[in-house]
Every structure is written in C-alpha cells, then in structure tokens.
Amino acid sequence: MNRFDQVTVGNRFLRPREAAEILGLSPRTLDRRRSRGLGPAYYKFGSAVRYRLSDLNAWAGTRQDTLGVTKSGGKADG
C-alpha cells in the first residue's frame, strides 16, 4: 500500500504539504487560501495546521468550474 492509498483509508489528519499535494496546489497557495479564509476547513493543534481528507474532498467539490467563471460572477483565480 503506497502513501496515497493510506490517505484514503480512514480519515487521519494531513499535514499542509500532504493536503496541497492531494489538491494539486503548492503548499504556499494552500497557506494563502487558508489565511484569506478561501481554502478548505482546517484544524489547529497548538501551532500545527492539519487537514482531514473529507474536508479536502468537500472543498474540492465546491470548486467545479466548467465555464471559467466563479459562482460570484468573477473570473476564476486558478
């Protein structure tokens, strides 16, 4: 079983680098979205930020964009 198979088993907490890789984002982009309140739900344990796979899947499901326009009518930010 490889690392990504292990991620799909259960609902463990993921480090930001792991979460970014699953979403196809850079860790810096995920950090920026978190600080602006635009990213997936996250959890803080002291200073450690963690994500759950179910929250990443839920957030990614809201990002579907077939026309290149966000739901608010603006241009998609990529």
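Residues numbered from 1 in each chain as written. Predicted model: local features only at pLDDT ≥ 70, side-chain atom pairs only at ≥ 80, totals over all residues. Heavy atoms only, no water.

A.B. asks: Explain the pairing of strand β3 (residues 48–52) here, please?
C.D. replies: In summary, the side chains of a regular strand alternate between the two faces of the sheet. Burial of β3 is one-sided: the residues Val49 and Tyr51 facing one way are buried, the residues Ala48, Arg50 and Arg52 facing the other way are not. Here strand β1 (residues 13–14) pairs with β3 via 2 bridges, running antiparallel. Paired with Leu14 across the two strands is Tyr51, which belongs to β3. Direction of pairing for strand β2 (residues 43–45) relative to β3: antiparallel, over a ladder of 3 bridges. In the strand pairing of β3, Lys44 is matched with Val49. If you look at the hairpin formed by β2 and β3, you'll find 2 residues sitting between the two strands, and Gly46 has a positive phi there, around 70°. (Buried < 20%, exposed > 50% of the residue type's maximum accessible area, 1.4 Å probe, protein only. Helix = DSSP H or I, 4+ residues; strand = E, 2+ residues; numbered from the N terminus. Pairing = 2+ DSSP bridges.)

A.B. asks: Is there a simple way to explain the environment of Leu23 in this structure?
C.D. replies: Among the structural elements, Leu23 can be located in helix α2 (residues 16–23). Separated by 33 residues in sequence, Leu23 and Leu56 place their C-alpha atoms 7.5 Å apart. With near-sequence residues (within four places) excluded, Leu23 lies in contact with Leu30, Pro40, Leu56, Trp59 and Ala60. (Contact = heavy atoms within 4.5 Å.)

A.B. asks: Looking at this structure, I do not really get the pattern of salt bridges. What am I missing?
C.D. replies: Side chains that differ in sign of charge can pair as their charged atoms come close. All told, the structure shown has 4 salt bridges when counted by the stated rule. The partner of Arg52 in a salt bridge is Asp55, with the nearest N and O atoms 3.5 Å apart. Judged by relative accessible area, Asp55 falls into the buried class, the value being 15%. Connected through salt bridges with shared partners, the residues Arg28, Asp31 and Arg34 form a single ionic network. (Salt bridge = Lys/Arg side-chain N within 4 Å of Asp/Glu carboxyl O.)

A.B. asks: Hey, could you run me through helix α4 (residues 53–61) in this one?
C.D. replies: Working note: α-helix, 3.6 residues per turn, so residues spaced by three or four point in the same direction. Looking at α4, one finds that the buried residues are Leu53, Asp55, Leu56 and Trp59. Buried residues of α4, seen end-on, are gathered within an arc of 160° and therefore sit on one face of the element. Exposed and facing more than 90 degrees away from the buried side of α4 are Asn57 and Gly61. (Arc of directions from axis to C-beta.)

A.B. asks: How should I be thinking about the packing of aromatic side chains in this particular structure?
C.D. replies: Geometry of an aromatic ring pair is reported as the spacing of the ring centres plus the angle between the planes. Counted according to the given criterion, the structure contains 3 aromatic pairs. Relative to Phe45, the ring of Phe13 has its centre 5.2 Å away and its plane inclined at 80°; by these criteria the two rings are edge-to-face. Taken as a pair, Phe13 in strand β1 and Phe45 in strand β2 lie far apart in primary sequence, 32 residues in all. Aromatic rings pair up to connect Phe13, Tyr43 and Phe45 into one cluster. Arg34 extends its terminal NZ or CZ atom over the ring of Tyr42, reaching a point 5.6 Å from the ring centre. (Phe/Tyr/Trp six-rings, centres within 6.5 Å; stacked < 30°, edge-to-face > 60°. Lys NZ or Arg CZ within 6 Å of the ring centre and 35° of its normal.)

Structural measurements only, silent on function.
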